[in-house]
Number of protein chains: 6
Amino acid sequence: MFPGATDEREVTDATDDAIRGSHTDTGGQESDRDGANFVVVGAPLDATTTFHPGTRFGPQRIRSFAAPFDDYDHRSDRHFSDLGVVDRGDVRAWDDVAEYLEYLTSTLREVVWNDGIPLLLGGEHTVSLAGVRAVEPEVFVCLDAHLDCYDVYDGNPLSHAAVTRRIVEDVDSIEEAILLGVRTGSEAEWERAAADDVTVVPPEDVAEWSHDGQFADRDVYLSVDIDAVDPGYAPGTGTMEPFGLEPRDIRDVVHAVAPHADGFDVVEVNDRDDGQAAALAAKLVREFVFSHVDG
Amino acid sequence: MFPGATDEREVTDATDDAIRGSHTDTGGQESDRDGANFVVVGAPLDATTTFHPGTRFGPQRIRSFAAPFDDYDHRSDRHFSDLGVVDRGDVRAWDDVAEYLEYLTSTLREVVWNDGIPLLLGGEHTVSLAGVRAVEPEVFVCLDAHLDCYDVYDGNPLSHAAVTRRIVEDVDSIEEAILLGVRTGSEAEWERAAADDVTVVPPEDVAEWSHDGQFADRDVYLSVDIDAVDPGYAPGTGTMEPFGLEPRDIRDVVHAVAPHADGFDVVEVNDRDDGQAAALAAKLVREFVFSHVDG
Amino acid sequence: MFPGATDEREVTDATDDAIRGSHTDTGGQESDRDGANFVVVGAPLDATTTFHPGTRFGPQRIRSFAAPFDDYDHRSDRHFSDLGVVDRGDVRAWDDVAEYLEYLTSTLREVVWNDGIPLLLGGEHTVSLAGVRAVEPEVFVCLDAHLDCYDVYDGNPLSHAAVTRRIVEDVDSIEEAILLGVRTGSEAEWERAAADDVTVVPPEDVAEWSHDGQFADRDVYLSVDIDAVDPGYAPGTGTMEPFGLEPRDIRDVVHAVAPHADGFDVVEVNDRDDGQAAALAAKLVREFVFSHVDG
Amino acid sequence: MFPGATDEREVTDATDDAIRGSHTDTGGQESDRDGANFVVVGAPLDATTTFHPGTRFGPQRIRSFAAPFDDYDHRSDRHFSDLGVVDRGDVRAWDDVAEYLEYLTSTLREVVWNDGIPLLLGGEHTVSLAGVRAVEPEVFVCLDAHLDCYDVYDGNPLSHAAVTRRIVEDVDSIEEAILLGVRTGSEAEWERAAADDVTVVPPEDVAEWSHDGQFADRDVYLSVDIDAVDPGYAPGTGTMEPFGLEPRDIRDVVHAVAPHADGFDVVEVNDRDDGQAAALAAKLVREFVFSHVDG
Amino acid sequence: MFPGATDEREVTDATDDAIRGSHTDTGGQESDRDGANFVVVGAPLDATTTFHPGTRFGPQRIRSFAAPFDDYDHRSDRHFSDLGVVDRGDVRAWDDVAEYLEYLTSTLREVVWNDGIPLLLGGEHTVSLAGVRAVEPEVFVCLDAHLDCYDVYDGNPLSHAAVTRRIVEDVDSIEEAILLGVRTGSEAEWERAAADDVTVVPPEDVAEWSHDGQFADRDVYLSVDIDAVDPGYAPGTGTMEPFGLEPRDIRDVVHAVAPHADGFDVVEVNDRDDGQAAALAAKLVREFVFSHVDG
Amino acid sequence: MFPGATDEREVTDATDDAIRGSHTDTGGQESDRDGANFVVVGAPLDATTTFHPGTRFGPQRIRSFAAPFDDYDHRSDRHFSDLGVVDRGDVRAWDDVAEYLEYLTSTLREVVWNDGIPLLLGGEHTVSLAGVRAVEPEVFVCLDAHLDCYDVYDGNPLSHAAVTRRIVEDVDSIEEAILLGVRTGSEAEWERAAADDVTVVPPEDVAEWSHDGQFADRDVYLSVDIDAVDPGYAPGTGTMEPFGLEPRDIRDVVHAVAPHADGFDVVEVNDRDDGQAAALAAKLVREFVFSHVDG
Ligand SMILES: [Mn+2]
Ligand SMILES: [Mn+2]
Ligand SMILES: [Mn+2]
Ligand SMILES: [Mn+2]
Ligand SMILES: [Mn+2]
Ligand SMILES: [Mn+2]
Ligand SMILES: [Mn+2]
Ligand SMILES: [Mn+2]
Ligand SMILES: [Mn+2]
Ligand SMILES: [Mn+2]
Ligand SMILES: [Mn+2]
Ligand SMILES: [Mn+2]
């Protein structure tokens, strides 16, 4: 459970054969989330991860490395445990990504319908598609080293490397994507990113970036691919890309965007470092919550 | 949660200041454990660990490495998830070991009073004292590389290295201890172990050992210090002691003793290997349950 | 390249967009493998791996940990590098498992048509299906901790947990499967394994097992899932299952079966240990080759 | 031994029973430390460590990772081995923290009485209390991510999380504490830190901070909790707290404060990274010595 | 093979006895490198490495961690795979360093004679001597934490710690060395470095450094010892030296120098981190190539 | 220091330039070792290590992992600390192996001349040559996976892979070598090993092996290459060779040979596992001492 959150994990327990022979709908029961503002959901998808796998352990790592953080936040003068965060546990992943994303979307949509703000813990970046489908924002703000604008990657339109393209092109509500910290992509991706509905802010310019009121009347979804930061600060991710952001750059973006955002995720954390990636991810979840409440 | 067990973790959530400024009694609410036979309780105590610390991550590791096991057990022709195992989560440890053990004892005693069999996941070996106090058996059967018969170790009578002595001498119900796989101790410990109330079975003789009906009318508590096995099979423990048991030796002892045992623990697992210690520990928990049911 | 093997890796090089935007057929050119008896092919599939992923690094690890082995083998009085082993490198995996297995099958079939014996380095166990399809044996001999007899696992008929079932039921040439070292499976799997076309030899009986001339006139394919061995000897695998075989048990099976086998694989090695799994796997590849030549 | 220091470890050797059955005073003999200015003492206390334990290996790691450093320092034009640094080895820790701190204090007091400057290698932050008691400074300057101003933490007034409070309130000589790089604490800690005797300099302001002659007539003790730096630079510590200092910020503070300081420690280094934390800690010990000599 | 490069590894294969009993010349055959501009050569020398060994795995790690990089580079608008990079594999190291360097030099000289630019992957820094001998530049530009200006280190004039001295003094073509990011050395090394033929730019000044046309008519060789960067960004190196460069500082130097350089190496990467050092090194190889082509 | 041993490390301290610019004789002073029977000497040579380097950390690891062992040994009813073991620390290695071996030999010879029994902690196997030269035994008993009978390996007659050959052929006192647990070697090595002065006992026969009084009147030196054991029990070694000994096999050989041996070493331990290799090595040192005393 995310430290400071209320535990709302499902208390059903399926037998082995149920789990393995098929993937039954494990949801359905009502939780009394009245007044809950933020709902942590783990999405340990690890199906299309490139290079270093292990995002299936992301949610568990993030929750674990959140343990030593103080409940109290000095900047906002608030206690995390006062802010109505609940943790619904993980939506266990299976091999059919399309089907999984649909199931995850419905879980998150229920959160949204109850006026909750999803805090999605990846898992590979693909899970953001479920987050965005559930929240239906106008703007997708994303911190990432990569454009993730492939149309198909390795024959797969639901690859983590295609997630931003899917979001921009297939989610009706979306008007534009703002990609911060991006430093690499294929030629075709860069061409796609040159279109009007995508703005790319290179790492060097992120510290100066501000949204200048452009979010005024629009709903925003904020996604943090942990590889946006320099690999020195988060080696536990699938594809390290040097020359990235400083942790404080990301924090400042989270502070700026959170007040406008109705959904948040942090993705691409794996278990292949000494905890740096997970500790940073866990901290950013909290920064989002504190900043949203204060916004 | 232990895979296949029903989740009965407490759903309260204390604020940071409550957690850290003092350690309030977090128990009290009634769980409907009717018909539950086995109750998993994590006891992440890591206060007196010698050499390599990390037993605080033992319960979490053991649950995690149980994930890939099949629910079904071929030997007993049973499903683990049918056997009424519930997982009450961890009893968070704090610095005052005596006080913690008391609190843990009361938690486990409640299990016993509800006719449950505690399955305690350590944490350092000291936690067995709570298990034995709760179960009040006549016989303490223990797999361990060490005698754990110090009177005081490093000035501490509640050290993991003194746990067997505490159990034998301070728990009224105990008539004798049977120590299997032991290969080391101080001279004073060996002298203590030479008394009538302690039987030591060296590693070489464990495969041949049998209890020969001596448990007939007596209650037994079974404790597995994972360092009983050879370090090649469980490097993730505080103090590796070479020339230990084979995993199958331990399994066979668990099979033989479980039908007579009203309490079980597996202790001294830490997070400093590639999962070998935790996988073995998790398996032994299941072997205990299957064998007890079948006994 | 596998040490002692001749390098026959493809020397073409596709550009990034070709690699990522689609997966073109990279084969086609003829290699002069006349007289080559054994062909190493890496199959780094890591799509359905349960629990600990990383089989994508299996082939690379196995080749790397083969480096310190002597070319000369005392038992057979032969040099590995004299035995006509070539290494064709890896068949890079992509997300569509069915399609990948077809492509891999055709690569291995070409090996077989040239009278070569495939030595397949996994990758998850699923790749054995390609090996068996290419070799078309009558008997599938498999060392594994698991039955791998699911019909569908997690909705996926091509899961590693279903590979033995696929092989027994869907490959026409197969008459029976002999599963050595198996100690776990679901109830449905055990039921399936009770049928006449499957023989299960539990770990305790493997040392005594012999094929007693039953392979006399039949073609055999030998598959080693590295998790057949006890986790103490190979922690670097997806799902550790305690109480496994000794390395020498596996070696002796390889010695006994290799003379009758026209195909071999070693699978489920990942990069999450200190090299134990890969070193053992690499050694078994060599034992297979020496024993086949001598058979 | 710290590279470049003179070895003054005690050459007595206690038997096992003496070591374990009780903790005898192992001091007493006189060493000829005349003219020695700096005395390294390891204090491997690991009793109240939060989250990731392992500070017991801190002193050993710090000494080990100091090995590759050049004896000569270009900035100060001095050789480390010329500066009269001796290493008295470790004061082995035991379970009674209060008693241990007293013993450690007396060891360090002896250093001070011989006009030496203690260079304490932790161990958890609690050991700074012994350092400050021995040195009896007016000012406690501390680099830390945390306020460490709990009155009691987990029921323990001698927790590492209470060390600054203990120092400010219970050491008579202390007039004020200056806490640099602090970014977190409980609400009660922040309230305590708002009092006149505590100054908090947040990470963003540390580069600009200077002591402006306020140390003119006062004795200073400098303590470096390695978690003051960003976790990217020192993951090997108990509780990673993102958004920390740059290594150069800490170095510059050490340069500025060392000339005024009569005692120094570096604490909270453990063995759970690839050496980053220990290498930085070892370097800071040297920076302190060079700067003090030059001051 | 370096991703995006054409594979030109030697396809001969020596037997064990040939390999181990002596080290025969394995070269000789002609490769058709017409039009190839860049030639990757691995030089896994690990003979004089100080402190943490493992540079023998450097080339393999660098190639491996280059895998996730996009072929396309946005800054230069070029594809890496279009730039005529070939990978000749590794020149296997043996115990006689002098002899090995000669052999390596002749391999690299052949590259130069065919108008290729060597991209040498270390291996310890000593291998740069072979690179410089082959290229015969006037200027040696080197990013390093260390002066590497020992005359003899540990009795060895071919130590990695003496490589810059060897290059400056023993390679006839060399007029001067420019050492960027250096922060440590022995007193004798600093004295040597004070001579006219060596320029030292400390870490703090590297961001401001520019070559101001001083390379106009001169051939340059660029060497990157990965320990030039701060250890937080590259812990996987032999001797971590804190207070180093930012990755972007190094990148900018590579951009500035590459257009003037006829040879490049990146050295001192080992396998003792989570990939940070290798990922950065791999990236720098690509930055060099893109910048040279654009220069 | 080896736990339970008396510290006799040299207390001199050389400056950096002395250490690095040349390697001066650091010996010479007399230690009062009267009555000392056993002298621990670390020999962290790591010059010719094949595959996985790191034997330079062997002595430090072995001493460290000996920490948790009880001083008292039940089998012999003795305390380790009563047996006159002293630890002289490490003889720091440098690049010239021949010169280093000479220096090490003279250090060990001094031990022998004072009627001490050297307990050498490697370092690579090459250091056994110094041990044997100093002890001048008639019989060399060696537990190893490898023959180590190369005449030259990689052009080097002082390679670890040639150490047994050097000992048998170049040390005058030696009459024969008995190699236990050996399972691999080159063809030339096996031919050499077939001569009368070498006996090879394969792993399968070691449990049955006994020396049958053949050591009656002869001096013996016992060397344990940790790779003799199966890699599952000691992955932290340079070259893992599967199908090795059980730890108890090695222990029993040590028990049998120690009473006849005047010198002992344990070699080829590195720092690349979770402590398994070092813990076993440390234990074997103690078994040797207890058994020698009791012999
Ligand atoms: Mn992404
Ligand atoms: Mn990304
Ligand atoms: Mn115990
Ligand atoms: Mn124990
Ligand atoms: Mn399996
Ligand atoms: Mn399988
Ligand atoms: Mn602190
Ligand atoms: Mn702190
Ligand atoms: Mn260098
Ligand atoms: Mn360097
Ligand atoms: Mn050897
Ligand atoms: Mn060996």
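Bear in mind the structure is a predicted one, so any value in this text is a computation, not a measurement.

Calculation criteria
Counting restarts for each chain, with residues numbered from 1 along the sequence as it is written. Naming scheme: in the order in which they are written, chains are lettered from A and ligands are numbered from 1. Where totals are concerned, whole chains, interfaces and linings use all residues; where local detail is concerned, this predicted model gives features only for residues with pLDDT of at least 70, and gives and counts side-chain atom pairs only at 80 or more. Neither water nor hydrogens contribute to the side-chain values; these are computed over all heavy atoms in the structure. In this comparison the copies share one frame, found by least squares on the C-alpha atoms of residues holding pLDDT of at least 70 in both. Throughout, a contact is declared for two residues whenever any of their heavy atoms are within 4.5 Å. In this description, buried area is defined as the sum, over both parts, of the accessible area (probe of 1.4 Å) that is lost when the two are combined. Each salt bridge in this description consists of a side-chain nitrogen of Lys or Arg and a carboxyl oxygen of Asp or Glu lying within 4 Å of one another. By the criteria applied, helices consist of DSSP H or I runs no shorter than four residues and strands consist of E runs no shorter than two, each listed in order from the N terminus. Side-chain classes follow a simple rule in which Ala, Val, Leu, Ile, Met, Phe, Trp, Tyr, Cys and Pro form the nonpolar group, Asp, Glu, Lys and Arg form the charged group, and the remainder, Gly included, forms the polar group. UniProt positions are given in the numbering used here, feature names are shortened, and annotations may be inferred rather than shown by experiment. Here a Phe, Tyr or Trp ring, Trp counted by its six-membered ring, pairs with any other such ring whose centre lies within 6.5 Å, and the pair is stacked when the planes are under 30 degrees apart, edge-to-face when over 60, and tilted otherwise. The cut-offs for exposure are 20% and 50% of the maximum accessible area for each residue type, with area from a 1.4 Å probe on protein chains only; residues under the lower value are buried, those over the upper are exposed, and the others partly exposed. Lysine and arginine charges are scored as sitting over a ring when NZ or CZ, respectively, is within 6 Å of the ring centre and within 35 degrees of the ring normal. Each metal's donors comprise the N, O and S atoms found within 2.8 Å of it (within 3.2 Å for Na, K or Ca). Water is not part of the atom list, so some coordination spheres may appear incomplete. Two strands pair under a simple rule: DSSP has to find at least two bridges between them. In this analysis, axes come from line fits to C-alpha atoms, helices being fitted only over the stretch in contact, and the angle between any two N-to-C directions falls in the range 0 to 180 degrees.

Bringing the relation of the copies chain A and chain C into the picture now. Of the transformation superimposing chain A on chain C, the axial component is 0.0 Å and the angular component is 180°, with the fit at an RMSD of 0.0 Å. Both copies are brought into coincidence by an operation consistent with a two-fold rotation axis. With an isologous cut-off of 70% or more, the 100% of interface residues of chain A that recur at the interface of chain C puts this contact in the isologous class.

Looking now at the interface of chain A and chain C. The partner chain C presents 31 residues to the 31 residues of chain A that form the contact. Of the roughly 2,300 Å² buried between chain A and chain C, counting both surfaces, carbon and sulfur atoms make up 38%. Where chain A meets chain C, there are 4 salt bridges. Across the salt bridge formed by Arg272(C) and Asp271(A), the nearest N and O atoms sit 2.9 Å from each other. At 5 residues, helix 1 (residues 16-21) of chain A tops the list of elements feeding residues into the side of chain A that touches chain C. A per-class count over the side of chain A that touches chain C returns 10 nonpolar, 10 polar and 11 charged.

Turning our attention to the UniProt feature "binding site: Mn(2+)" (unreviewed entry) in chain A. Residues and elements named next belong to chain A. Within this numbering scheme, the UniProt entry marks His-125, Asp-144, His-146, Asp-148, Asp-225 and Asp-227 as carrying the feature "binding site: Mn(2+)" (unreviewed entry). Look at the named residues: they lie 103 residues apart in sequence, but the longest C-alpha span between them is just 12.0 Å, so in the fold they bunch up. The topology assignment puts Asp-148 in the loop between strand 7 (139-143) and helix 5 (163-170). Once residues within four sequence positions are removed from consideration, Asp-148 is found in contact with His-125, His-160, Ala-161, Ala-162, Val-163, Thr-164, Arg-165, Glu-189 and Asp-225.

The way to describe two aromatic rings as a pair is by their centre distance and the angle between their planes. Enumeration over the complete set of coordinates arrives at 60 aromatic pairs over all chains. For the ring pair Phe80(E) and Phe290(E), a centre distance of 5.8 Å and an interplane angle of 65° mean the geometry is edge-to-face. With Phe80(E) in the loop between strand 4 (78-79) and strand 5 (85-90) and Phe290(E) in helix 9 (residues 276-294), the pair connects residues that are 210 residues apart, well separated along the chain. Of the two residues, Phe80(E) and Phe290(E), both sit in the buried class. Ring pairing ties together the aromatic residues Phe2(A), Phe80(A) and Phe290(A), which thus form one cluster. In this arrangement the basic side chain of Arg286(C) is found over the ring face of Phe80(C), its NZ or CZ atom lying 5.2 Å from the centre. Of note, Lys283(D) hangs over the ring of Phe69(D), and the distance from its end group to the ring centre comes to 4.3 Å.

All names here are of chain E. Around the manganese ion (ligand 9), the protein contributes the donor atoms His-125 (ND1), Asp-144 (OD), Asp-148 (OD) and Asp-225 (OD), which lie 2.1 to 2.2 Å from the metal centre. Mapping the donors of the manganese ion (ligand 9) onto the primary sequence yields the spacing H-x18-D-x3-D-x76-D. With relative accessibility at 1%, the residue Asp-144 sits in the buried group. For Asp-225, a relative accessible area of 2% gives the class buried.

Bringing the coordination of the manganese ion (ligand 6) into the picture now. Residues and elements named next belong to chain C. Binding of the manganese ion (ligand 6) to the protein goes through His-125 (ND1), Asp-144 (OD), Asp-148 (OD) and Asp-225 (OD), at separations of 2.1 to 2.2 Å. Binding-site remark: the manganese ion (ligand 6) is held by donors from one chain whose sequence spacing is H-x18-D-x3-D-x76-D. Here the manganese ion (ligand 6) and the manganese ion (ligand 5) are spaced 3.2 Å apart, with Asp-144 acting as a shared donor. Note that His-125 is positioned in the loop between strand 6 (117-122) and helix 4 (127-135) and Asp-225 in strand 10 (residues 220-225), a separation of 100 residues in sequence.

Once that is clear, we can look at the sheet that holds strand 8 (residues 176-180) of chain A. Residue and element names in this part refer to chain A. Pairing within the open sheet is parallel, and its 9 strands lie in the order 1-5-2-6-11-10-7-8-9. The open sheet has two free edges, formed respectively by strand 1 (6-7) and strand 9 (198-201), since each of these has just one partner strand. Pairing analysis gives 5 bridges linking strand 7 to strand 8, with the strands arranged parallel. Residue Val-139 lies in a different strand from strand 8, and its bridge partner there is Glu-176. Against the sheet, helix 8 (residues 247-257) contacts strand 7, strand 8, strand 10 (220-225) and strand 11 (261-267), and its axis sits at roughly 165° relative to strand 10.

For the match of chain A to chain E, the screw axis carries a shift of 0.0 Å, the RMSD comes to 0.0 Å, and the turn is 120°. Taken together, the rotation and translation relating the two chain copies correspond to the operation of a three-fold axis. In terms of C-alpha distance to the rotation axis, chain A has Gly232(A) as its closest residue, with the C-alpha 3.3 Å off the axis.

In this section: the arrangement of the chains. A minimum C-alpha distance of 15 Å separates chain B and chain E, which share no contact. Regarding chain A and chain F, which are not in contact, the minimum distance between any of their C-alpha atoms is 15 Å.

In this section: the pattern of salt bridges. A pair can form between side chains of opposite charge whenever their charged atoms are brought close. Per the stated rule, a full pass over the model turns up 108 salt bridges over all chains. The closest approach of N and O atoms between Lys283(B) and Glu241(C), which form a salt bridge, is 2.4 Å. Taken together, the positions of Lys283(B) in helix 9 (residues 276-294) and Glu241(C) in the loop between strand 10 and helix 8 (247-257) put the pair across two chains. Comparing Lys283(B) with Glu241(C), the two get one shared label, buried. Connected through shared salt-bridge partners, Arg165(A), Glu169(A), Arg192(A) and Asp197(A) make up one network.

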